[in-house]
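# Inside the fold
Chain by chain, the residues:
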Amino acid sequence: MTQFLSLLMNGISLGALYALIALGFVVIFKASEVVSFTHGSLLLLGAYSIARLSDPLGFYLAVLVGVAITALAAFLIERLIINRLRGAPVISLAIVTIGVDIILLTELIRRIGSDILNVPHPWAGGSVRIGDVGISENRLIATIVAALLIGLFFLAFKFSSWGVAMRASAEDGETAALMGIRLGRVSVLAWVIAGVLAGVAALFLVGSPTPGVSPAAYTVALRAFPAAILGGLDSTGGALVGGLLIGLAESFAAGYQDQLLFLGRGFGDVVPYIVMIAVLLFRPSGLFGTRELTRV
Amino acid sequence: MSESTATASRGATRRSAAAAPRRSYLRPILLGLGLLVLLALPLYLEEFWLRTGFAVAGAMVGAIGLNLLVGTTGQLSLAHAFFLAVGAVTYVFVSGESGGLGLADLGGLGWPPLIGMTAGVVLAGVAGLIFSPIAARLRGIYLGVASLGLVFIGQHVLNSWTTVTGGFNGRSAPEFSLFGFTFSNTDPDLFVLDVPFREAERLWYLGLVLALAAYVFARNLLRSRAGRALQTLRDSEVAASVMGVNVQRYKARVFLVSSMYAGLAGVMYALSIGSIAPESFGLEVSILYLAMIVLGGLGSVGGAALGALFVSALPLIFQRYADVVPLVGGTGDGGLAAGEAARYFFGLAIVLVVLFEPAGLAGLAERFRRRGRDPGRGGAPTSRSSAATSGSTTSVPSDPPAQGSSS
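Below: a short report on this structure. (Residues numbered from 1 in each chain as written. Chains lettered and ligands numbered in written order. Predicted model: local features only at pLDDT ≥ 70, side-chain atom pairs only at ≥ 80, totals over all residues.)

Let's shift gears to the overall build of chain A. Counting its regular elements, chain A contains 12 helices and 2 strands. By the compact-globule yardstick of 19 Å for 296 residues, chain A fits well, its C-alpha radius of gyration being 19 Å. Here chain A holds 296 residues, and the buried ones make up 52% of them. Put simply, 76% of the contacts in chain A that link residues at least 6 apart link residues at least 24 apart. (Helix = DSSP H or I, 4+ residues; strand = E, 2+ residues; numbered from the N terminus. Rg over C-alpha atoms; globule rule 2.2 N^0.38 Å. Buried ≥ 20, exposed ≤ 12 C-beta atoms within 10 Å, placed from the backbone. Contact = placed C-beta atoms within 7 Å.)

Spelled out as structure tokens, the structure:
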């Protein structure tokens, strides 16, 4: 039972981080119809900047600057590339982000090299006990911060003028533009928000249970893809549910590894993808995605 | 195909018929000369180039296959590396000998390599068919991300199914042989015009034959009824189904064909490297294949082959001429490693191609050709605007008439 509870806690905290990344993913998709494959390297960029800057700047300032750098990168990608391709086919847009991802990732891996950079979290590797269940302090803080950010995001999405503009332009871009909503501005804001979310997720993803900033963080970020797809690419609530689901599935598969040994070691790493494919088999647009209806 | 495209293509044939007397002799002669040069090259080139040539041939087969799926039919797939792995592993398992290697206990059937290669192709096709019910239900971008999952699942299987795949360290691939003629350094010793024909020379011809067959098959497929159906599918699924194209079945079929291509490419990869390991079939490989077809030009068979040549040869050439190419300075500080330099280059090239020339190298070639033929008209009609107005799912206009001549 104790093991179950601690896996549950871990799964939720991991899921909260996935949800943060997936949320950025969904926001970008809603605002600009782009499936951003750059997200993995954006995340790595955030982690790298924080790790490198925390020595000269101190931890908290480094976090601010690191998140800002990630957001800036997202901003530049939108302005320099995506914005010029407005109206291009979805597949071309996805491919262009893959191109950006290759460049960014190569540069980061070259800079990181073979060493593992450490982010000096003030809470370090400590852990908290709640009843019988232990959880790393880093993950606990991550869950709280993620919950706050996600809550804030949903409020903004619902009530702020940006949120309204964004929902309107996702509903029907042409009409929204005719009503005076500037699609370009909506899109760039979405990218910046996604960058911030990715930066924050990066801060916690390279913390306590994981060793530090290494190119492996990129593969971790990729697992937010199934989270976003699972919930439905155009559903913000779906991203949240998908993230939690993926986090839980991964945590349980890793925790009960010994019982699952016939499936091979490290099975937890692929569980997100298996869950995703299983769900897509029954609901091709994800759990909460809008079904595309075609009329002839 | 709509009414207007049909008339346009008829117009195109009439135009080319008028120009026929001038072109009909030139093209076969050039093709024949090119083929002759390719056949004669092993007499002059050193081993490095021949090996690169075989690797390129493998990449061409894979890229042509992926292009059928992504370029022609508009189904974004990142699972190509997975199907490559299926082909390669099947070949190695079916034709390899069983036996122990270090800690691993390897299984193998020890059957003739030709059967192994066929089995690799067929099994990759079967894997594609199994995935196709999912693929056929998913639209566009969902498919892209779902296929991402296959690559990771494949990696996991490669790492843990040690008896077949050799696990983390991989296992070596058996040499190819055809009815007793082995594609290795000796057995039988072979001299042509006093040049020893060793493994590299023999594989060169194998690669040439396979790549040519793959090219011709894909081109004929695209010109057939099925090919037109696939292109219509890309432009609009609704229109296609109204015209009587069975959308689900055609998607399943194109997945089958494309993964069979990938299977063959996987077998050729195993032959060219001489061994397989999980890391050779990672996500990066899928992305490189995507880079090939984007650079070459989505939807064009010749473009895919060109892109494959470019993408797979460039890192090898960078590596070899590290001290000559500017900015690529081996391991010293300031310089980039060859692989890194090539990756920067691909990334940048993808971005630039999508931004400025969505039809890729094939589009560039076509533009030059049209300018030469018909100086008054200027360049080709800008493909992006036509793609945007038709609201199609890829950046290439439907181009059956142009495609045949883009080789």
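Once that is clear, we can look at the nonpolar core. Generally speaking, a soluble globular protein has its nonpolar side chains buried in company with each other. In this structure, Ile21 of chain A together with Met60 and Ile350 of chain B are the most contacted members of the largest nonpolar core, which totals 213 residues. The element that contributes the greatest number of residues to this core is helix H1 (residues 2-32) of chain A, accounting for 17 residues. Leaving out residues up to four positions away in the same chain, Ile350 of chain B has contacts with Ile95, Val96, Ile98 and Gly99 of chain A together with Ala291, Val294 and Leu295 of chain B. (Core = buried A, V, L, I, M, F, W, Y, C linked by C-beta atoms within 7 Å.)

The interface of chain B with chain A comprises 42 residues on the first partner and 40 residues on the second. If one sorts the elements of the side of chain B that touches chain A by residue count, helix H6 (residues 140-160) of chain B sits on top with 13 residues. When the residues that make up the side of chain B that touches chain A are grouped by side-chain class, the tally is 25 nonpolar, 12 polar and 5 charged. (Nonpolar A, V, L, I, M, F, W, Y, C, P; charged D, E, K, R; others polar.)

Another point: helix H3 (residues 47-72) of chain B. Residue and element names in this part refer to chain B. Here H3 contains 26 residues, and its C-alpha end-to-end distance of 36 Å stays within 8% of the 38 Å for a straight helix at 1.5 Å per residue. Along its length, H3 reaches its greatest deviation from straightness, about 30 degrees, at Leu66. When you tally the buried positions in H3, you get 22 out of 26 residues, the bulk of the element. Note on H3: the residue one or two positions beyond its end, Gly74, has a positive phi of about 75 degrees. (Expected span 1.5 Å × (residues − 1). Bend = angle between axes of the 7 residues up to and from the residue.)

Taking 1.5 Å as the rise per residue, helix H11 (residues 236-255) of chain A with 20 residues should run 28 Å; its terminal C-alpha atoms sit 29 Å apart, in good agreement. The element H11 of chain A is largely enclosed, with a buried count of 16 among its 20 residues.

Here we come to the environment of Ile150 of chain A. Residues and elements named next belong to chain A. Tracing the backbone shows Ile150 in helix H5 (residues 137-159). Linking Ile150 and Leu23, residues 127 residues apart in sequence, is a C-alpha distance of 8.3 Å. Once residues within four sequence positions are removed from consideration, Ile150 is found in contact with Ala19, Leu20, Leu23 and Leu240.

The next point concerns the pairing of strand S1 (residues 127-130) of chain A. Residue and element names in this part refer to chain A. Examined bridge by bridge, S1 and strand S2 (residues 133-136) share 4 bridges and lie antiparallel to one another. Within the sheet, the bridge partner assigned to Ile130 lies in S2 and is Val133. Counting the residues that bridge the hairpin from S1 to S2 gives 2 residues, and of these Gly131 lies at a positive phi of roughly 65 degrees. (Pairing = 2+ DSSP bridges.)

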